[in-house]
Amino acid sequence: MSPKILITGSSGFIGKILAKRLSKKYKTYLIDKIKQGKEKNFYHINLKDKKKLNEFFSNNKVDIIIHLASEIFDDNENTIYENNTVCAANIIALAKKFKIKQIIFTSTFSIYEKNYDKLINESEKPSTINKYGISKFDIEKKLKSLNNINVTIFRVPIVIGQSRSHRIGILFELIRKGLPIFLIGNGNNKIQFVSVDELNTAIEKTIGLKGFNIFNIGCSKSYSFRENLEYIVKKTKSKSKFFSLNKYFGLFILNFFIFFRLIDINFYHKSLLTKNILLNVSKIKKTINIDGKLTSRELFYSTYNYYVKNLKHTKKIKSGSDRMPSMRIFNLLNYFSK
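Report follows, based on the coordinates. (Residues numbered from 1 in each chain as written. Predicted model: local features only at pLDDT ≥ 70, side-chain atom pairs only at ≥ 80, totals over all residues. Heavy atoms only, no water.)

**Some remarks on the overall build of the protein chain**
- Assigned secondary structure in the protein chain consists of 13 helices and eleven strands.
- Residue burial in the protein chain is summarised as follows: out of 338 residues, 53% are buried.
- At a minimum sequence separation of 6, the contacts of the protein chain that also span at least 24 residues come to 78%.
- Put simply, the protein chain shows about 16900 Å² of open surface, and 52% of that area lies on carbon and sulfur atoms. (Helix = DSSP H or I, 4+ residues; strand = E, 2+ residues; numbered from the N terminus. Buried < 20%, exposed > 50% of the residue type's maximum accessible area, 1.4 Å probe, protein only. Contact = heavy atoms within 4.5 Å. Areas by Shrake-Rupley, 256 points an atom, 1.4 Å probe, with all protein chains shown as cover.)

**What about a nonpolar patch on the surface?**
- Taken together, Phe256, Phe259 and Phe260 make up a surface patch of nonpolar side chains, about 360 Å² in accessible area.
- Looking at where phenylalanine 256 falls in the secondary structure, it is placed in helix H8 (residues 247-259).
- Exposure remark for phenylalanine 256: the relative accessible area of 40% places this residue in the partly exposed category. (Patch = residues over 30% accessible without salt bridge, like charges linked within 9 Å, V, L, I, M, F, W, Y side chains within 5 Å. Salt bridge = Lys/Arg side-chain N within 4 Å of Asp/Glu carboxyl O.)

**Some thoughts on the packing of helix H5 (residues 168-176) against helix H11 (residues 296-309)**
- Two elements in contact, H5 and H11, have axes whose closest approach is 10 Å; the angle formed by their N-to-C orientations is 75°. Classified by the interaxial angle, the pair formed by H5 and H11 is roughly perpendicular. Residues Ile168, Gly169, Phe172, Glu173, Ile175 and Arg176 of H5 form the contact with H11, whose participating residues are Phe300, Thr303, Tyr304, Tyr307 and Val308.
- Residues belonging to the contact of H5 with H11 are distributed by class as follows: seven nonpolar, two polar and two charged. (Axes fitted to C-alpha atoms, helices over the stretch in contact; angles between N-to-C directions. Parallel < 35°, antiparallel > 145°, perpendicular 65-115°, else oblique. Nonpolar A, V, L, I, M, F, W, Y, C, P; charged D, E, K, R; others polar.)

**Overview of helix H6 (residues 196-205)**
- The buried fraction of H6 is high, at seven of ten residues.
- Within the span of H6, buried status applies to Val196, Glu198, Leu199, Asn200, Ala202, Ile203 and Glu204.

**Looking at the pattern of salt bridges**
- This model, assessed by the stated rule, comprises ten salt bridges.
- The partner of glutamate 71 in a salt bridge is lysine 33, and the shortest N-O contact between them spans 2.5 Å. Residue glutamate 71 is found in the loop between strand E4 (64-67) and helix H3 (77-97), and its partner lysine 33 is found in the loop between strand E2 (27-32) and strand E3 (42-44); the two are separated by 38 residues along the sequence.
- Under the relative-accessibility criterion, glutamate 71 is labelled buried at 18%.
- Put simply, lysine 101 and aspartate 63 hold a salt bridge, and the shortest N to O gap is 4.0 Å. Within this pair, whereas lysine 101 is found in the loop between H3 and strand E5 (102-108), its partner aspartate 63 is found in the loop between helix H2 (50-59) and E4, the two being separated by 38 residues in sequence.
- Judged by relative accessible area, aspartate 63 falls into the buried class, the value being 8%.
- Each of Arg21, Lys25 and Glu204 takes part in salt bridges that share partners, so that together they form one network.

**Quick notes on the side chain of threonine 28**
- Within the fold, threonine 28 resides in strand E2.
- Leaving out residues up to four positions away in the same chain, threonine 28 has contacts with Ile5, Leu22, Ser23 and Asn41.

**Observations regarding unusual backbone geometry**
- Here the phi dihedral of lysine 99 falls at roughly 55°; this positive angle occurs in a residue that is not glycine.
- The exposure class assigned to lysine 99 is exposed, which follows from its relative accessible area of 68%.

**Describing the packing of aromatic side chains**
- All told, the structure shown has 13 aromatic pairs when counted by the stated rule.
- Aromatic side chains tyrosine 43 and phenylalanine 56 sit 4.9 Å apart centroid to centroid with 70° between the ring planes, which places their arrangement in the edge-to-face category. Note that tyrosine 43 is positioned in strand E3 and phenylalanine 56 in helix H2, a separation of 13 residues in sequence.
- Both rings, one in phenylalanine 154 and one in phenylalanine 215, keep their centres 6.0 Å apart while their planes meet at 35°; by these two values the pair is tilted. Pair noted here: phenylalanine 154 is in strand E6 (residues 150-156) and phenylalanine 215 is in strand E10 (residues 212-216), with a separation of 61 residues, a long-range link. Taken individually, phenylalanine 154 and phenylalanine 215 each receive the classification buried, so the pair is uniform in this respect. (Phe/Tyr/Trp six-rings, centres within 6.5 Å; stacked < 30°, edge-to-face > 60°.)

**A few points about the nonpolar core**
- Membership of the largest hydrophobic core comes to 30 residues, with the highest contact counts inside it found for Ile181, Leu229 and Phe300.
- For this core, the elements supplying multiple residues, two or more each, are H5, strand E8 (181-184), helix H7 (225-236) and H11.
- Tallying contributions element by element places H5 first for this core, with five residues.
- Filtering out sequence-adjacent residues up to four positions away, leucine 229 remains in contact with Leu171, Ile175, Ile181, Leu183, Phe242 and Phe300.
- Membership of the second largest hydrophobic core comes to 29 residues, among which are Leu18, Ile66, Ile203 and Ile290. (Core = buried A, V, L, I, M, F, W, Y, C linked by side-chain atoms within 4.5 Å.)

**Side note on the pairing of E10**
- Counting buried positions along E10 gives four out of five residues, so the element sits mostly inside the fold.
- In this sheet, E10 lies alongside E6 in parallel orientation, the contact comprising five bridges. If you follow threonine 152 over to E10, its bridge partner there is asparagine 213. (Pairing = 2+ DSSP bridges.)

**Some remarks on the sheet that holds E3**
- Judged by pairing direction, the sheet is parallel, and its seven strands sit side by side in the order E3-E2-E1-E4-E5-E6-E10 without closing on themselves. The open sheet has two free edges, formed respectively by E3 and E10, since each of these has just one partner strand. Recorded for the sheet is a direction-independent mean angle of 15° between the axes of neighbouring strands.
- Contacting strand E1 (4-8), E2 and E4, helix H1 (residues 13-22) crosses the sheet at an angle of about 165° to E1.
- Along the sheet face, H3 touches E1, E4 and E5 and points at about 175° away from the line of E4.

Everything listed is a geometric property; what it means functionally is a separate question.
What follows is the structure, given as structure tokens:
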């Protein structure tokens, strides 16, 4: 018989798309602390509430848990760590109690924070100092210690999809308005991206996978930060010009913008603007035959096109990864461009 699947974080960017996809083939249950529309089998539960979770599992037969729910970078670091680890601990405890067959967990490439001169394998020792990355790795360790439950972990880089517009929307707005784009250093650093569709395909393909498995996932080919943006500028004939800032001066200015909340990113994201963090995805290609067709620049471009065509809708979204970025920085850039 087809397994019954619980998706936590079903109101999130990845969760909404995955839930729609899997509900066509499987009996799915959806849990999130944020209310959705009229989704079938949706349960409005905070994963920190173990009593309500226990009641849910008592009343519903679940075979597989896909644990997507996570606090990211929009809260206090200690709060992020506590919420992520407590929620995961509750899920793991109830998975044991109710004899769940498999847990699929989305971890992060944020467990790697230094500059890398080679592709990062799954066996690479973490270098994270941010609490979000630490929380994810601590959850990985707890999952690895489980007996009698199959576990699949995805080390997920920056996820891009057509409806995702929050922080990446800052770059899109610069290009759309033909504003100057300032790069810290030369912009030749490379970081890993993945399309939400490829990630969800991988998740679906690992449903029922036996044993303990960790997979890196990402684009088939990654271009530099600058090349990704130049590709969009060229394809759209944007008037945006690129300017390179001295690394130390650029980081100082960025810190200023972050501190005074002039830009909708936080201190962790600075590393993504200056460092090389590329995952080795050969293992997942061999094991479950996942081979992303889109390169990073093609993925950026398709996402940009969707963003521009759906601006009216995006402006109405008030929370989550689909909402518009803060526009405070653009007043300053408009002045500079003149």
